[in-house]
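Read off the chains here:
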Amino acid sequence: MNSTRSRSDSILPSDDSKREYVRNMFDDIAFRYRLMNSLLTLGLDGWWRHKTLIAMDLKPNSLVLDLACGPGEFSKLLAQQGHRAVGIDFSLGMLRQSAGSSVINGSPTKGSIAKDSAAKVQGDAMSLPVATNSCDALVCGFAVRNFLNFDKVLAESTRILKPRGVAAFLEVSTPTNPAIYRLHNFHFSTVVPLIGGILSSKTAYRYLPASVVYLPETNVLIRKFYRYGFTHVDRRTFTFGATQLFLAHKRDI
Ligand SMILES: C[S@@+](CC[C@H](N)C(=O)[O-])C[C@H]1O[C@@H](n2cnc3c(N)ncnc32)[C@H](O)[C@@H]1O
C-alpha cells in the first residue's frame, strides 16, 4: 500500500505498546467517534457499511459477530435487518457509546439485551470469548490496521465461524488514480488531523491517518486469508478506492 508516512513516524506506537495505546486512544475519542466518522467521511461510512452487508448476502436470522465493533454501527444495521448480532470490542468507552444495548464485561454471559439491539461484549479480537464453529458470519469495520497481530485475528475468525461462514473486513485504502490520490491524501493527512484535532483529539486524529502504514500490501493480505483457512477471497473497493472490502468464506472441512 502506498503511503507517504513510515513506521518511524513518532505518532505510531511501537509493537510493545500498540495494544494499550490503541485501546486508550479509542476510550478517549469514543464520545464523538460516530459524529467524527460521519463528518470526516461526509456520511460515506454508513454507505460503505451498507454495501458490505449487501455483499455478504446473509441468510435470514444469521448469527453475526461484529468484530472490533466500536459503538456498534454494523451491529445496529444487522439487528435492523433481523440478524442476531453480537459486538465485541476491547474499548469499554466505545462499547458504552452503543445506544440501548447491554454491555457484558469480559465474557458472553446472559445479559438482558434491549429490544432491537445487539449484545456487546468486552473482549480481544486476538482471543475471542466465542465458541468454535458457532457464528454464521463475521464483520469487521476499520479495525485491521489497529490490530496488534492480524494473523491472530484471522486464526480466531476461522475458529469461531461455521464451515462456509462468511467474513467481511472493511478498511480504508489508497486510491490508485493519481488525481484522486492527491485529493484523498490531502483530506486524509491534512483535513482529518485538523478537524479531528479541533473537535476531538489531536493525537488520535494524527494516529488514525498515519496508521495506514500498518496495512500489509493487498496480495500479502489475501495470502493471509488463505493461510488461515479461508477460501474464495475477494477484494473490492468503494468510492474510487478510498475503502476496500475483503470478503472470504471459511473452508468447508
Ligand atoms: C476505527 S474503530 C472501528 C469501529 C467500528 N467497527 C466501525 O466500523 O466504526 C476500531 C475499533 O477496533 C477496536 N480494536 C482494536 N484492536 C482491538 C482488539 N485487539 N480487540 C478488540 N477490539 C479492538 C478499537 O477499540 C476500536 O473500537
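What comes next concerns the included structure. Since the model is a prediction, treat every value here as computed from it, not as a measurement.

### Section: the overall build of the protein
Scanning the protein from N- to C-terminus turns up nine helices and eight strands. Within the protein, buried positions represent 51% of all 253 residues. Here the analysis covers contacts within the protein between residues at least 6 apart in sequence; of these, 70% occur between residues at least 24 apart. Here the protein has roughly 11900 Å² of accessible surface; of this, 54% comes from carbon and sulfur atoms.

### With respect to the site of the ligand
Around the ligand there are 20 residues in total, and Tyr33, Arg49, Ala68, Asp89 and Gly141 lie nearest to it. Between a nitrogen atom of the ligand and a main-chain N or O atom of Ala125, the distance comes to 2.9 Å. Its free accessible area being 590 Å², the ligand has 98% of it covered by the protein chains. Elements with a minimum of two residues in the shell around the ligand: α1 (15–29) and α2 (33–40).

### Section: α1
Here α1 contains 15 residues, and its C-alpha end-to-end distance of 21 Å stays within 8% of the 21 Å for a straight helix at 1.5 Å per residue. Among all positions of α1, only Lys18, Val22, Met25, Phe26 and Ile29 are buried.

### Examining the pattern of salt bridges
Inspection of the entire model under this criterion finds 13 salt bridges. As a salt-bridge pair, Arg164 and Asp252 come within 3.1 Å of each other at their nearest N and O atoms. Separated by 88 residues along the polypeptide, Arg164 in strand β6 (residues 161–172) and Asp252 in the segment after β8 (243–250) bring together distant segments of the chain. Overall, the relative accessible area of 58% leaves Arg164 in the exposed class. Because the salt bridges share partners, they merge into one network encompassing Arg19, Glu20, Arg23 and Asp124.

### Some points on the packing of aromatic side chains
Two measures describe an aromatic ring pair: the distance that separates the ring centres and the angle between the ring planes. With the rule as written, the count across this model stands at 10 aromatic pairs. Ring centres of Tyr21 and Tyr207 lie 5.5 Å apart, and the angle between their planes is 55°; this geometry places the pair in the tilted category. Residue Tyr21 is found in helix α1, and its partner Tyr207 is found in helix α8 (residues 204–210); the two are separated by 186 residues along the sequence. Grouping aromatic residues by their ring pairs yields a cluster made of Phe147, Phe150, Phe169, Phe225, Phe230 and Phe246. If you follow Lys18 out to its NZ or CZ, it ends over the ring of Tyr214, 3.4 Å from the centre. A cation sits over an aromatic face here: Arg23 above Phe90, 6.0 Å from the ring centre.

### What to know about the side chain of Thr41
With respect to the secondary-structure elements, Thr41 resides in the loop between α2 and α3 (44–56). Here Asp45 takes part through its side chain, which lies 3.2 Å from a polar atom of the side chain of Thr41.

About the thresholds
- Residues numbered from 1 in each chain as written.
- Predicted model: local features only at pLDDT ≥ 70, side-chain atom pairs only at ≥ 80, totals over all residues.
- Heavy atoms only, no water.
- Helix = DSSP H or I, 4+ residues; strand = E, 2+ residues; numbered from the N terminus.
- Buried < 20%, exposed > 50% of the residue type's maximum accessible area, 1.4 Å probe, protein only.
- Contact = heavy atoms within 4.5 Å.
- Areas by Shrake-Rupley, 256 points an atom, 1.4 Å probe, with all protein chains shown as cover.
- Near = heavy atom within 4 Å.
- Polar contact = N/O pair within 3.5 Å; in protein donor to acceptor, adjacent residues only side chain to side chain.
- Expected span 1.5 Å × (residues − 1).
- Salt bridge = Lys/Arg side-chain N within 4 Å of Asp/Glu carboxyl O.
- Phe/Tyr/Trp six-rings, centres within 6.5 Å; stacked < 30°, edge-to-face > 60°.
- Lys NZ or Arg CZ within 6 Å of the ring centre and 35° of its normal.

Read these as layout, nothing more, since geometry by itself doesn't imply function.
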